[in-house]
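# Close look at the chain arrangement
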Amino acid sequence: MKRILIVEDDPDFLLGLSVRLRAAGYSILVAGHGAAAVNFAGSKPPDLILLDIGIPGGNGLIVLDLLKADPKTASIPVIVLTGRDPATVKEKTLELGAVAFFQKPVDNDELLKAIRKHAGEGRAGDKGANEGANPSSVSG
Amino acid sequence: MVDDNPPNVLAMLAVLEGLGQNLVTASSGREALRYLLEKDFAVILLDIQMPDMDGFETAAMIRQRERSLHTPIIFLTATSPDKKHAGLAYATGAVDYIFKPVPPEILRAKVSAFVELHKKTEQLRKLTESQARLLEEATERRAELQASEANYRTLLETNIHAIVLVDSDKAVRYANKAARKLLSPENEKYVGTAFDLPFSTGETVEHTLRRPSGGDRILEIRTENTTWEGTLVHFVSLIDITGRRGAEEAVRRAQEEELRLRERFLSHASHELRTPVATVYQFVTILLDGLAGELSPSQREYLQIVFRNIEELMSMIDDLMDATRGEAEGWDIHPEPVDIVLAIKHAQQRTENLSRARHVKVTMAGPDSLPDVLADPTRVRQVVSNLIAHAVQHTPEGEAVQVWWGVHAENPAYVCVSVTDRAESLGKYDRLHVFDKMHQVGDAIDDGRKGLGMGLHIAKALVCGQNGRIWTESAAPRGNTFSFTLPLSSQSGSPAAYAKEKQGNEKIS
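Residues numbered from 1 in each chain as written. Chains lettered and ligands numbered in written order. Predicted model: local features only at pLDDT ≥ 70, side-chain atom pairs only at ≥ 80, totals over all residues.

This part covers the interface of chain B and chain A. Facing the 19 residues of chain B at the interface are 22 residues of chain A. Counting only elements with at least two residues in the side of chain B that touches chain A, the list comes to α7 (242-288) and α8 (297-329) of chain B. Per element, the largest residue contribution to the side of chain B that touches chain A is 13 residues, and it comes from α7 of chain B. Within the side of chain B that touches chain A, the residues separate by chemical class into seven nonpolar, eight polar and four charged. (Contact = placed C-beta atoms within 7 Å. Helix = DSSP H or I, 4+ residues; strand = E, 2+ residues; numbered from the N terminus. Nonpolar A, V, L, I, M, F, W, Y, C, P; charged D, E, K, R; others polar.)

All names here are of chain B. Axis separation between helix α2 (residues 29-38) and helix α3 (residues 55-64) bottoms out at 10 Å; the angle between their running directions is 20°. On the basis of the axis angle, α2 is roughly parallel to α3. The handedness of the crossing between α2 and α3 comes out as right-handed. Between α2 and α3, the contacting residues are Gly29, Ala32, Leu33 and Leu36 on the first element and Glu57, Thr58, Met61 and Ile62 on the second. Looking at the contact of α2 with α3, its residues break down into five nonpolar, two polar and one charged. (Axes fitted to C-alpha atoms, helices over the stretch in contact; angles between N-to-C directions. Parallel < 35°, antiparallel > 145°, perpendicular 65-115°, else oblique. Left-handed = near helix turned anticlockwise from the far one by under 90°.)

For the rest of this paragraph, the subject is the sheet that holds strand β5 (residues 172-175) of chain B. Residue and element names in this part refer to chain B. Across the sheet, which stays open at both edges, the five strands sit in the order β5-β4-β8-β7-β6 with antiparallel pairing between neighbours. The open sheet has two free edges, formed respectively by β5 and β6 (204-209), since each of these has just one partner strand. Ignoring strand direction, the axes of neighbouring strands in this sheet form an average angle of 30°. Note: strand β4 (residues 162-167) against strand β8 (residues 231-240), six bridges, orientation antiparallel. (Pairing = 2+ DSSP bridges.)

A word on the confidence of the model for chain B. With 91% of its residues at a pLDDT of 70 or more, chain B shows a mean pLDDT of 84. This prediction of the complex comes with two scores: 0.50 for pTM and 0.78 for ipTM. (pLDDT = per-residue confidence, 0-100.)

Residue and element names in this part refer to chain B. One open sheet holds the five strands; their spatial order is β10-β12-β13-β15-β14, and the pairing between them is mixed. Of all the strands in the sheet, just β10 (361-365) and β14 (470-474) have a single pairing partner and so form its edges. Going across the sheet, the axis of each strand differs from the next one's by a mean of 20°, ignoring polarity. Bridge analysis of strand β12 (residues 400-407) against strand β13 (residues 414-420) gives six bridges, and the strand direction is antiparallel. Bridge pairing in β13 places Gly406 opposite Cys416. Along the sheet face, helix α9 (residues 340-350) touches β10, β12, β13 and β15 (480-487) and points at about 165° away from the line of β12.

With glycine set apart, most residues show a phi of negative sign, and most peptide bonds adopt trans. The peptide bond linking Lys104 of chain A to Pro105 of chain A adopts the cis configuration, its omega dihedral lying at -10°. By the secondary structure assignment, Pro105 of chain A is in the loop between β5 (100-103) and α5 (108-119). A cis amide bond links Ala476 of chain B with the next residue in sequence, Pro477 of chain B, at an omega value of -5°. You can see Pro477 of chain B is positioned in the loop between β14 and β15. You will see that Glu229 of chain B, though not glycine, has its phi angle at about 50°, which is positive. Inspection of the secondary structure assignment puts Glu229 of chain B in the loop between β7 (217-228) and β8. On the neighbour-count criterion, Glu229 of chain B (9 C-beta atoms within 10 Å) is exposed. (Buried ≥ 20, exposed ≤ 12 C-beta atoms within 10 Å, placed from the backbone.)

Per-residue pLDDT for chain A averages 83, and the proportion of residues at 70 or more is 86%. Counting contacts from residues 125-140 of chain A, a segment whose pLDDT is below 50, to residues more than four positions away or on other chains yields 21 contacts.

Shown next as structure tokens:
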């Protein structure tokens, strides 16, 4: 199962996104702040990172920069998902190596399309991910 | 004529009448003196032998008076001249001497000579008088002129602006106090030096004056031609606008600061609004997608209403941020070749929920494919969906909005897209202002929800930002069409070539 690390400080949004991605067949890992994200990604590299720029414990741009600077994490695709104005940060994040940029709220289909493109399908052969999936509680 | 003998007087009268002069007779010296008090005479004919007061005495009296001091006197005498007599006569101021009987021609000739002399003297006197008067006037005028020139110089000298008069050789002819202070603060001799600031007659030149002491001044240099002490000079006024510029700069900085603060607020507001909206959106879609279990039909229906409103809220946040930011720093547009038909279809899909909720049908009409336009795909979608949303919001329930597209009939280098609603025709005022920010047709509060009134404003800004044109036409009593054009991309064949090809096709068919 593909593993996605979500770096997000808003617990409600995090829960909603986790439910959505788990239903699509992904295994979800979460980090509430930048340091945890960098440490975790270094020790157990996920298949993709969803990064919010506006997180506490370090600007998300710095987190992105650190991830790309470390050879152990540099190859992990990072999708930026933020409430910030794209006019001010989109270009910067793509320059730093993010593979895609989305502004909240993002269309579920568009986001899933980008995740599949960079991390592959969630659960091989899982066609009914959206139907009847019973999400377990989000693990920290 | 002074003679005590009337026949003599009559004889002289007869001789002199022909001269046409004013002849006055007196029969005694006393009478003559009386007349002389009242009038000036050209000549006096004075008989010497008279009783009571003789000619000599009379002449002496005449000469004593200022008025007759120089009046010529001709003595008349019957006695033959002796030296004593003659000497006495000349001594009393006679100019001539005639013996009786007086030969008429001689009398006439002599008298007329004196009359002429008197006339000439009179003329000369008048001339002298008028010359004196002229001289006096000229003196007065010169004094006035000097006074006004002094005023002028005072005005120049004390003017708060620096004024320099520069002659045709660019040499300084005059510099007022302010000019000397500005241009020659060391009190050197400034007049006569070469004027080295830029100037142009009839124009205003801006120049920054570098001063060795520091404190550069920004000058506005205005030049007119005028005359000064009889020669043509450039009248150069130097207006110090350093202060004004400083104030302008301060205003500009304040505006920049305000803009920066607004940007920061917007960025913050955007973030703060988007995260909760995104969360609500996520959970509503999770529920609707059945990820949290089956929904009852009414639960589903109510959640769909929540979903639709969340979508509306999202697009309002987008519009608000877009319009405010677009105004502050220009619109973020990245043109590329775009399949316009696909963009229109996407836009229609985006507004499907809205049109379904309002029970308004959206019909689509146009060719399946068109040459690519040069535009930003996201922005084209935004323009079309804003136009459709506006049309749907203003069309009565149960009716249809029409979307149609094609190559622009008037200019084949453009594609034209139109959206027609079934709302009441826009009045003249609304047609003029329908693209204004926050404009609402009619009374928006009584009329139900119509959005923020940003959609058309943004559409216009985006179309213009992509080299297109947007306009509106109305049909009575219902139906307003909003149309816009976008240029064909040169990569889909140059617009000109495409136009030619199209014309060719039309000729064949």
